[in-house]
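Observations on the model geometry
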Amino acid sequence: MLKSFEHVGMTVSNMDRAVTFYCDLLGLKLHLRKKTDDGADLAFLDADGGMLEIIAPANGAKRAVDVPDDTAGLRHLTFLYEGVDQTFARLEEAGVEIKERPRFAYNPEVLQKVAFIRDPDGIIIELAERKS
C-alpha cells in the first residue's frame, strides 16, 4: 500500500549553487548533505511533502536540455506556494532565469496560477498556487 511520494532525484553541476537556489530562494530545507564514495556531492532537500535528491558529480555536469514534446521524460518540477505573484517577483528580483511569467493555469480544476523559471542548471521549475 502506497504511503506517500518520497523523492525525485536529479543531477546538478554545482552543489553549493543548487542548495542556495533550492533552499534560500525556493524555501526547501536541507535534510542531508554528504560525499559519496565516488566523490560526488549528494543532498536531500525537504519540500514539505516529498524530497528532492540532488547529486553533483565530482567532474561537474552539462546544462539541462528541455524534453521535447514528442519525447518521454521529466518536463518540470512543481512547487506549491501561497502566492505565485509574490514568489515570482522575489525570484525575478534575485535574478533567476524566467521562462514564463505568472498566468492562470490551464488546469483550473487543480491549480489557479502558475509561473515557470529555470534553476541554475536550466531545469524548469513550475511555481504553482491553488485556489484559496
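A short tour of the structure in this document, coming up.

What counts and what doesn't
Residues numbered from 1 in each chain as written. Predicted model: local features only at pLDDT ≥ 70, side-chain atom pairs only at ≥ 80, totals over all residues. Heavy atoms only, no water. Core = buried A, V, L, I, M, F, W, Y, C linked by side-chain atoms within 4.5 Å. Buried < 20%, exposed > 50% of the residue type's maximum accessible area, 1.4 Å probe, protein only. Helix = DSSP H or I, 4+ residues; strand = E, 2+ residues; numbered from the N terminus. Contact = heavy atoms within 4.5 Å. Salt bridge = Lys/Arg side-chain N within 4 Å of Asp/Glu carboxyl O.

Structural notes on the nonpolar core
Judged by nonpolar contacts, the single largest core of 27 residues is most densely connected at Y22, L26, I54, I125 and L127. At the level of secondary structure, the elements contributing two or more residues to this core comprise α1 (15-25), β3 (41-46), β4 (51-56), β5 (77-80), α2 (84-93), β7 (113-118) and β8 (124-129). With six residues, the top contributor of residues to this core is α1. Sequence-distant contacts of L127, defined by excluding residues within four places in its chain, comprise L26, F79, Y81, V84, T87, F88, L91, K113, V114, A115 and I117.

Comments concerning the pattern of salt bridges
Per the counting criterion, the structure on display carries 10 salt bridges. Here E97 ties to R63 by a salt bridge, and the two come within 2.9 Å at their closest N and O atoms. With E97 in strand β6 (residues 97-104) and R63 in the loop between β4 and β5, the pair connects residues that are 34 residues apart, well separated along the chain. The partly exposed category is assigned to R63, whose relative accessible area is 44%. As a salt-bridge pair, R103 and E100 come within 2.2 Å of each other at their nearest N and O atoms. According to the relative accessible area criterion, E100 is partly exposed, its value standing at 27%. Overlapping salt bridges bring together R63, D66, E97 and R118 as one network.

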